[in-house]
2 protein chains.
Amino acid sequence: MHFSQALPLQSGAALQDYMLMYETYGTLNADKSNAVLVCHALNASHHVAGTYDGDPATAGWWDNMVGPGKPVDTDRFFVIGVNNLGSCFGSTGPMHLNPARGKPYGAAFPVVTVEDWVGAQARLADQLGIARFAAVMGGSLGGMQALAWSIMYPDRLRHCVVIASTSKLSAQNIAFNDVARQAILSDPDYRGGDFYEHGVVPKNGLRVARMVGHITYLSNDDMAEKFGRKLRDVASSDIGDYKFGFGVDFEIESYLRYQGDKFSAYFDANTYLLITKALDYFDPARAHGGDLTKALAGTTAKFFLASFTTDWRFSPERSREIVQALVSNRRQVTYAEIDAPHGHDAFLLEDPRYMNMVRAYYDQIWNDIGGAPNHAANHAVSNAVSKGKA
Amino acid sequence: MHFSQALPLQSGAALQDYMLMYETYGTLNADKSNAVLVCHALNASHHVAGTYDGDPATAGWWDNMVGPGKPVDTDRFFVIGVNNLGSCFGSTGPMHLNPARGKPYGAAFPVVTVEDWVGAQARLADQLGIARFAAVMGGSLGGMQALAWSIMYPDRLRHCVVIASTSKLSAQNIAFNDVARQAILSDPDYRGGDFYEHGVVPKNGLRVARMVGHITYLSNDDMAEKFGRKLRDVASSDIGDYKFGFGVDFEIESYLRYQGDKFSAYFDANTYLLITKALDYFDPARAHGGDLTKALAGTTAKFFLASFTTDWRFSPERSREIVQALVSNRRQVTYAEIDAPHGHDAFLLEDPRYMNMVRAYYDQIWNDIGGAPNHAANHAVSNAVSKGKA
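Here goes a summary of the coordinates provided. This one's a predicted model, so the numbers in the text were calculated from it and none came from an experiment.

## So, unusual backbone geometry
Residue and element names in this part refer to chain A. One non-glycine residue, Phe244, lies in positive phi territory at about 50°. Unlike most non-glycine residues, Arg330 shows phi in positive territory, near 60°. Relative to the elements of secondary structure, Arg330 occurs in the loop between α9 (316–328) and β15 (333–338). With a relative accessible area of 77%, Arg330 lands in the exposed category.

## With respect to the packing of aromatic side chains
The way to describe two aromatic rings as a pair is by their centre distance and the angle between their planes. All names here are of chain B. Tallied over the full model, the rule gives 52 aromatic pairs over all chains. Considering the side-chain rings of Tyr242 and Phe244, the 6.1 Å spacing of their centres and the 80° angle between planes classify their relative orientation as edge-to-face. Assessed through its relative accessible area of 13%, Tyr242 is described here as buried. For Phe244, a relative accessible area of 22% translates into the label partly exposed. With centroids separated by 5.6 Å and ring planes inclined at 75°, the aromatic side chains of Phe263 and Tyr266 adopt a geometry described as edge-to-face. One end of the pair is Phe263 and the other is Tyr266, both in helix α6 (residues 251–266) and three residues apart, which spans about a single turn. Of the residues examined, Tyr266 reaches a relative accessible area of 39% and is grouped as partly exposed.

## Digging into the packing of helix α3 (residues 171–185) of chain B against helix α4 (residues 203–217) of chain B
All names here are of chain B. Running from amino to carboxyl end, α3 crosses α4 at an angle of 165°, the nearest separation of the two axes being 7 Å. It follows that α3 is roughly antiparallel to α4 by the angle criterion. The crossing of α3 and α4 is right-handed. Counting all contacts with α3, which are made through Phe176, Val179, Ala180, Ala183 and Ile184, the residues of α4 involved are Gly205, Leu206, Val208, Ala209, Val212 and Thr216. Split into classes, the residues belonging to the contact of α3 with α4 amount to nine nonpolar, two polar and no charged.

## Notes on the sheet that holds strand β14 (residues 302–308) of chain B
Residue and element names in this part refer to chain B. Ordered by their spatial adjacency, seven strands build an open sheet running β5-β9-β6-β12-β13-β14-β15, and the pairing between neighbours is mixed. Two strands close off the open sheet at either side, each with one partner strand: β5 (22–25) and β15 (333–338). Neighbour-to-neighbour, the strand axes of this sheet turn through a mean angle of 15°, independent of strand direction. Across four bridges, strand β6 (residues 35–39) lies against strand β9 (residues 78–82) in parallel orientation. Directly across from Val38, in β9, lies its bridge partner Gly81. Running over the sheet, helix α2 (residues 141–152) touches β6, β12 (133–139), β13 (157–163) and β14 and is turned about 145° from β12. The sheet strands contacting helix α10 (residues 352–368) are β6, β12, β13, β14 and β15, and the helix crosses β13 at an angle near 175°.

## Things to note about the interface of chain A and chain B
With 59 residues of chain A in contact, the opposing surface of chain B contributes 59 residues. For the pair chain A and chain B, the summed buried surface comes to about 5,000 Å²; carbon and sulfur atoms form 66% of the total. Seen at the junction of chain A and chain B, the total is 10 salt bridges. The salt bridge involving B:Arg229 is made with A:Asp283; its shortest N-O contact spans 3.2 Å. The interface formed by chain A and chain B holds 26 residue pairs in polar contact (both at pLDDT 80 or more) in total. Among the secondary structure elements, those contributing two or more residues to the side of chain A that touches chain B are α3 (171–185), α4 (203–217), α5 (220–226), α6 (251–266) and α7 (269–281) of chain A. The biggest single contributor to the side of chain A that touches chain B is α3(A), with 11 residues. Broken down by class, the residue content of the side of chain A that touches chain B amounts to 32 nonpolar, 13 polar and 14 charged.

## Some remarks on α6(B)
Under the 1.5 Å per step criterion, the end-to-end length of α6(B) is 23 Å for 16 residues, consistent within 8% with the ideal 22 Å. Contacts from the buried residues of α6(B) go to α3 and α7 of chain A together with α4, α5 (220–226) and α7 (269–281) of chain B.

## What to know about the relation of the copies chain A and chain B
For the pair chain A and chain B, the relating rotation is 180°, the translation along its axis is 0.0 Å, and the fit reaches an RMSD of 0.0 Å. What the rotation and shift describe, once combined, is the action of a two-fold rotation axis.

Conventions we followed
Residues numbered from 1 in each chain as written. Chains lettered and ligands numbered in written order. Predicted model: local features only at pLDDT ≥ 70, side-chain atom pairs only at ≥ 80, totals over all residues. Heavy atoms only, no water. Helix = DSSP H or I, 4+ residues; strand = E, 2+ residues; numbered from the N terminus. Buried < 20%, exposed > 50% of the residue type's maximum accessible area, 1.4 Å probe, protein only. Phe/Tyr/Trp six-rings, centres within 6.5 Å; stacked < 30°, edge-to-face > 60°. Axes fitted to C-alpha atoms, helices over the stretch in contact; angles between N-to-C directions. Parallel < 35°, antiparallel > 145°, perpendicular 65-115°, else oblique. Left-handed = near helix turned anticlockwise from the far one by under 90°. Contact = heavy atoms within 4.5 Å. Nonpolar A, V, L, I, M, F, W, Y, C, P; charged D, E, K, R; others polar. Pairing = 2+ DSSP bridges. Buried area = accessible area lost by both parts, 1.4 Å probe. Salt bridge = Lys/Arg side-chain N within 4 Å of Asp/Glu carboxyl O. Polar contact = N/O pair within 3.5 Å; in protein donor to acceptor, adjacent residues only side chain to side chain. Expected span 1.5 Å × (residues − 1). Least-squares fit on C-alpha atoms with pLDDT ≥ 70 in both.

Right, dumping it as structure tokens:
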């Protein structure tokens, strides 16, 4: 969708003209009460669920969560995925033409914040005629967007679903982001952000950025279990030999380098810089002297939060801070702390307890908007109650 | 000290000819029973204690631990610090002339292991006429060397002092090391390791390597306390402004970039690669089917181990594994788990409980070698007993 009305940004800059790429799933009902906005995290996009042309390799990033009969059931809900401004999957970003420059924005693309993204998403909702979402939902950076919706547009969402997220990055989180940024910025192929014109890509920087990021998405235990000290191309029954060089010895090296290479082949370096800055800057309590309770005082939504025990990037403690601030405001909150081994990445992975908790919550949302119960949904609720750990 | 007898290495290669830079403190007694070898970690050197020419800025890296009247009291002990092979502080390393090439070794310097270093240190001890050390001691990578001494030369040390160390790196530890290596190797100024000839230094790669390393040396809590989300150049009473760019916003960014810049100005890139490989490869249980108890079966030393509660690089659990394996072998072990906020770096920092524990242990070592007690030492023991948490 094209927008020709300028979008003022938190930085003071504005985007004069921009496109938002979005995808929808399911059918908007007559009173437009069944819309769910799903906000994406760092390297994801508007392509939340389903596949293109029946090609299973193109499954959306939250395909296990969103779809017919899935926890966010598109037989009930009209789900919208939007690619955020500054990203590299279709919405206006650094690789697009900057009309003022006559060449791509590059590093001149304005720094956008979580709140800027939410402002742009609200305009898209306006155009789609959605006055109030049944829910706004996201994990990690997506959860920050959902939280920002509850603060900026309290009347425009009934439910706010925040998974594996935080109300602000810690010094350690910012530190890892800055390592990633420095890796990109110091790659000579970054060319001050204008690498598009030179036909190069700062692959080495992006690769290192992704490697360090990836370490923070996995739990220490999970990495130990999956990789341990296993050597590459050596059966676990065999002791194998060290190579005594700087190539690959261990499986974990091979895995991370592969992840880094894959990422650097499709992700935009300027987008990576922008998105890490949006993460760093998010801090709704900042304007309230650091008091998150005050920052959330104007919210009216009902909340669902979930965190994962082995997530050391955004640990359960960070979700509990949000829960506490909401409870202090007497908001209705459901909180699930899920005992899962997969670290921060758990929010994207199949886990019956997690999926059943979300399914059960979406059954409540369905009730809230006056939807008719059905047998399958009731079954899921009882499942969640018996298996979930709240 | 120059060595002209070839040193065979674990990789199968050999160093034909090499120098070891070392420093000593205190006086070797008549029966040569009071020698203590202090092994250094990643970026340290033979310069363990004291200052050069009375310049306080040149204090050794463990100056709070080693010196007259200090926990490792050089009025009693003859302390030796040795710069390891491959390092960049005087011992033969990648920046020195490779006689076979007629130019510096560069990346052709053979990959050396903890065991290779210990072998070289043993030759130095031979030359100094030290048949048996009162103690071999180290923190982190230095602790690995002490542990290797206890396995390789059980009769050559009475005591083995292993602080904030581990018997092997985890997948996560290796992953962080490989990020650092990839940052260096992909810096165009690395020039395949031959940057010396080109008059350049892979500063950007070294800088990123140090930044990511430094994050793992600090505890999450300590970073939160020291830096939190404080903005650079903004008083903590002031909310300040975000800069909406990729420069420095937060204090933690400024601190890490400064650490990275400082490091890249004095440390050698090839040395960094070599030392991270020595860390990755160390795993004495490897030759025993992963059984650390078997690996330590031949040890005869008495052991002192210490770990720090907030160290997430080499957590207390890793020290406990060593303690358990030693106890299974019925070795005499003293273990201190010190409640300290400073993460892995705690082993280098002043902490009365930690220092008193080490002091008390060195009083025992002094007893063991038949030294005369004195009042100051007795005082320190009672201090340690009352304050230490074992």
